[in-house]
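Analysis of the macromolecular model
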Amino acid sequence: MGAERPPFEDLYREFLGRIYAYVRAQVGGAEDAEDITAQVFMNAYQAYPRFEPRHTTPAAWLFRIARNATLDHFRASGRRERLRRTIEHQPVAEVDPASQAEERIQYQALLAEVARLPERQRDVISLRHSGLSFQEVGALMGCSEDAAKMLYHRALRALREAVEREKV
Amino acid sequence: MSEQQDELELEALARKLDDAFLTTRPRPGFEDELWTKVQARRPFGLRLRDALAGLASGIREVPAVPLAGLAALVVVILGIGLVGYVGGQRQGGAATAPAQHFSSTSGEVEQAPGFGRLPSPSLKSSPGGAATTAPVAVGPVMANSEYSGPVQLTWSGQNITLGSASVFRYREPTTTDADQFASSLGAALRGRPKGYLGSYTATDYTLEVRGTVQSSAQSPAYFIYTSPSMPPLDAAGAAPADLASLFLAAHSLSPQWNYTTAIDSSGELTRVVFERQFDAADYGPAYLVDANGQRYGMEVDLQGNHVEHVSGVLPVSQDAAIYKLVSSDVAFREATSSAPPPQSLSTPAPAVQLTKVELAYLLVPAGDHSYYEPVYVFSGSFQVNGTTYTKHLVAPAVDPSQRTP
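In this text, all values refer to a predicted model and were calculated from it rather than measured experimentally. Residue indices follow the written sequence of each chain, beginning from 1 at its first position. All chains are assigned letters beginning with A, and all ligands numbers beginning with 1, in the order in which they are written. The predicted nature of this model means local features are confined to residues of pLDDT at least 70 and side-chain atom pairs, given and counted, to a pLDDT of 80 or more, with totals for whole chains, interfaces and linings taken over all residues.

A closer look at the overall build of chain A
Secondary structure assignment for chain A yields 8 helices and 0 strands. Strands here are runs of E lasting at least two residues and helices are runs of H or I lasting at least four, both read from the DSSP assignment and numbered beginning at the N terminus. Secondary structure of chain A in N-to-C order comes out as α-α-α-α-α-α-α-α. A buried classification covers 38% of the 168 residues belonging to chain A. Within chain A, counting contacts between residues at least 6 apart in sequence, those at least 24 apart form 68% of the total. Here the C-beta atoms are placed from the backbone, and a residue counts as buried if at least 20 other C-beta atoms lie within 10 Å of its own, exposed if 12 or fewer do, and partly exposed otherwise. Note that contacts rest on C-beta atoms placed from the backbone: two residues are in contact if these are within 7 Å.

Encoded structure:
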């Protein structure tokens with residue numbers, strides 16, 4: 001049965017939140033996450049006529065665009081500088097007054113810890129917890145499914161150590 | 001720490017991450033703000049396509065339409081928000097500028113005896129209709145995000161009366177055909193991904209070849225994705241259409257059929273569309289249209305002097321046979337008379353007078369062999385709340401007695 005290309009708006013509504021969360025975990029701050037998310041969907045829209053659903057899933061396709069946009073962002077601004085500024089000037093609780101709840105603060109602090117991980121560890125955790133299969137994660141990261149699983153477990157251990165150090 | 005405890009801790013952290021990713025969402029209002037920006041960047045063709053996808057899904061939801069009626073009723077009504085289009089939503093937009101070109105269509109086409117009864121187009125039809133004398137509601141109609149709803153159609157333009165026209169038939173391309181096409185371009189087989197006849201690599205681009213998409217009636221096609229290493233075209237000051245033609249000629253991809261060109265620009269991307277035409281004998285050139293009445297053929301996407309992407313109709317050998325046509329007014333009546341009764345509406349559906357008609361060709365997939373059959377594309381404009389819309393209606397032109405029901 002042929003895979004048909006769904007209306008772009010369907011993809012947009014379905015994936016906006018997941019893409020935003022992925023980007024947020026990559027860059028740490030809400031403002032940058034919004035800018036990059038906007039860029040992702042602008043790029044996706046331009047490329048949508050070339051999207052072939054038989055070739056890849058919408059999730060894998062969109063996350064590839066998101067990953068590239070995030071890498072472009074880091075290349076353009078210098079990741080360390082961006083992170084420093086993010087952490088210093090954007091306390092996790094200031095973005096959304098409703099996020100005063102302790103649990104949400106913890107979640108945002110946890111994502112901030114993810115953002116501090118080395119690039120591939122950060123990437124594998126963000127992609128995996130954005131709902132992608134290990135097969136999709138491996139395809140995006142240029143490694144096998146098994147390698148993606150191993151990388152993920154190493155990243156998870158590294159995150160646990162970081163969380164324990166920071167007492168998140 | 002025991003191994004078991006270690007695993008439990010990691011699982012707990014993973015659950016916490018799941019929750020963190022699940023609950024991290026953009027601020028309220030961001031989704032709609034961004035969607036508005038995306039909409040404003042939408043190329044015209046895509047806005048149209050999405051609008052029609054909405055139309056089609058609306059149609060599919062209409063219950064209790066007899067299948068036979070649906071098969072006979074080939075009505076597609078498009079709504080295009082002209083005011084939004086002209087009024088600047090298409091940022092950086094460019095005018096569509098048709099320019100007539102011709103190239104040979106002979107050589108691959110030979111007359112054949114009739115193909116028997118032709119398959120009827122199974123367009124995403126509208127379960128509604130209109131008559132020139134007694135308008136009835138049809139719908140739903142998606143113009144753009146600002147308008148949807150039923151309309152009442154009438155036809156009052158100058159009719160086309162042709163006794164007959166050619167129908168073109170081609171055999172479904174095989175992997176061998178795809179390999180030969182790729183080989184002629186100097187591309188080597190890389191694999192056969194699902195849904196494709198082949199994927200190939202050349203020095204500075206990737207080529208993918210696909211057969212007919214039976215479900216949504218798309219012609220056999222090829223797609224070229226250029227690599228960043230492909231040098232930009234060296235043609236300072238050349239117009240996009242010239243750049244595209246230059247690229248196609250350099251890669252032996254120039255269309256071997258008649259066409260006009262149209263330009264669609266959005267941001268830094270410029271799309272050159274080579275709109276394919278068929279020779280309809282007494283009528284002259286007739287455009288190839290999709291199920292929505294939109295012309296298509298080959299597309300070349302340019303960013304500056306760099307070709308980003310090409311999608312084209314895969315060359316296939318085709319034969320032709322002459323079929324009897326009905327006149328456009330008869331086709332209009334046939335397309336609209338078998339409509340189900342209009343649903344009761346709280347507000348009357350706007351009346352739309354279709355005033356123009358042209359002959360075009362539509363792909364009708366039929367398994368091993370598929371057909372390009374003549375259709376009539378009707379169009380007209382109307383206004384709702386000060387906004388001007390254009391509507392199209394596609395109706396088969398081949399005499400019903402020569403088509404399967």
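Continuing now.
Remarks on the overall build of chain B
Assigned secondary structure in chain B consists of 8 helices and 20 strands. Here chain B holds 405 residues, and 43% of them are scored as buried. For chain B, the proportion of contacts with a sequence separation of at least 24, taken over those separated by at least 6, is 69%.

Quick look at the interface of chain A and chain B
Chain A puts 36 residues into the contact, and the matching count from chain B is 36 residues. Mapped onto the side of chain A that touches chain B, the elements with two or more residues apiece are helix H1 (8-27), helix H2 (30-47), helix H5 (102-116), helix H6 (119-129) and helix H8 (145-166) of chain A. Looking at the side of chain A that touches chain B element by element, the count peaks at 9 residues for H1 of chain A. The residue inventory of the side of chain A that touches chain B, partitioned by class, reads 19 nonpolar, 7 polar and 10 charged. Gly is put with the polar residues, along with every residue not named as nonpolar or charged; the nonpolar set is Ala, Val, Leu, Ile, Met, Phe, Trp, Tyr, Cys and Pro, and the charged set is Asp, Glu, Lys and Arg.

Details of the confidence of the model for chain B
All names here are of chain B. Taken residue by residue, chain B gives an average pLDDT of 74. The fraction at 70 or more is 73%. Per-residue confidence from the predictor is given as pLDDT, running between 0 and 100. Taking the mean pLDDT of every element in chain B, the minimum, 28, falls on helix H5 (residues 82-89) and the maximum, 95, on strand S18 (residues 356-364). Both scores are available for the predicted complex, with the pTM at 0.51 and the ipTM at 0.83.

Remarks on the packing of helix H7 (residues 134-141) of chain A against H8 of chain A
What describes two packed helices is the angle between their axes and the distance between those same axes. Residue and element names in this part refer to chain A. One can describe the packing of H7 onto H8 by two numbers: an axis separation of 8 Å at closest approach and a directional angle of 95°. Comparing the axis directions of H7 and H8 gives the class roughly perpendicular. When H7 is examined against H8, the residues Phe-134, Gln-135, Val-137, Gly-138 and Met-141 are found in contact with a partner set consisting of Glu-145, Ala-147, Ala-148 and Lys-149. A fitted line through C-alpha atoms represents every axis, and for helices the fit uses only the stretch in contact; the resulting angles, taken between N-to-C directions, go from 0 to 180 degrees. Throughout this description, any angle smaller than 35 degrees is read as roughly parallel, any larger than 145 degrees as roughly antiparallel, any in the 65 to 115 degree range as roughly perpendicular, and the remainder as oblique.

Concerning the nonpolar core
Core membership is restricted to buried Ala, Val, Leu, Ile, Met, Phe, Trp, Tyr and Cys residues, and these are joined into a nonpolar core through C-beta atoms within 7 Å. In this structure, Ile-19 and Leu-62 of chain A are the most contacted members of the largest nonpolar core, which totals 46 residues. Of all elements in the fold, only H1, H2, helix H3 (58-77), H5, H6, H7 and H8 of chain A together with helix H1 (3-23) of chain B reach the threshold of two or more residues within this core. Among the elements that take part in this core, H1 of chain A stands out by supplying 11 residues, more than any other. If sequence neighbours within four positions are ignored, Leu-62 of chain A has contacts with Leu-11, Phe-15, Ile-19 and Ala-44 of chain A. Core analysis: the next-biggest nonpolar cluster, separate from the first, contains 43 residues, Ala-165, Val-326, Ala-349 and Tyr-361 of chain B among them.

Topic: unusual backbone geometry
Backbone geometry places Ser-252 of chain B, a non-glycine residue, at a positive phi of 55°. Among the secondary structure elements, Ser-252 of chain B is positioned in the loop between helix H7 (240-250) and strand S11 (258-266).

Points about the environment of Gln-256 of chain B
Here Gln-256 of chain B shows up in the loop between H7 and S11. Distance from Gln-256 of chain B to Arg-276 of chain B, taken between C-alpha atoms, is 9.6 Å for residues 20 residues apart in sequence.

Examining the environment of His-392 of chain B
With respect to the helices and strands, the residue His-392 of chain B is situated in strand S20 (residues 387-396). Sequence spacing of His-392 of chain B and Val-377 of chain B is 15 residues, and the spatial spacing of their C-alpha atoms is 6.5 Å.

A word on the pairing of strand S6 (residues 164-171) of chain B
Two faces, one strand: in a regular strand the side chains alternate between the faces of the sheet. All names here are of chain B. For S6, the tally of buried residues reaches 6 of 8 residues, placing the bulk of the element in the interior. Two strands are counted as paired when DSSP detects at least two bridges linking them. Taken together, the 7 bridges between S6 and strand S16 (residues 318-324) define a ladder with antiparallel strand orientation. Its bridge partner being in S16, Phe-168 is matched across the sheet by Ala-320. Where S6 lies against strand S19 (residues 369-384), 4 bridges are found, and the strand directions are antiparallel. Paired with Tyr-170 across the strands is Ser-370, a residue of S19.

Quick word on the confidence of the model for chain A
Residue and element names in this part refer to chain A. Looking at chain A, the pLDDT average stands at 80 and 80% of residues meet or exceed 70. For chain A, per-element mean pLDDT is lowest for helix H4 (residues 79-89), which scores 46, and highest for H6, which scores 93. Every residue in residues 82-100 scores below 50 in pLDDT, and together they form 25 contacts with partners more than four places removed in sequence or on other chains.

Description of the packing of H8 of chain A against H1 of chain B
Their axes nearest at 10 Å, the elements H8 of chain A and H1 of chain B cross at an angle of 85°. When the axes of H8 of chain A and H1 of chain B are compared, the pair comes out roughly perpendicular. Seen from H8 of chain A, the contacting residues are Leu-156, Arg-157, Leu-159 and Arg-160 of chain A; seen from H1 of chain B, they are Glu-9, Leu-10, Leu-13 and Ala-14 of chain B. Among the residues making up the contact of H8 of chain A with H1 of chain B, the classes are represented as 5 nonpolar, no polar and 3 charged.

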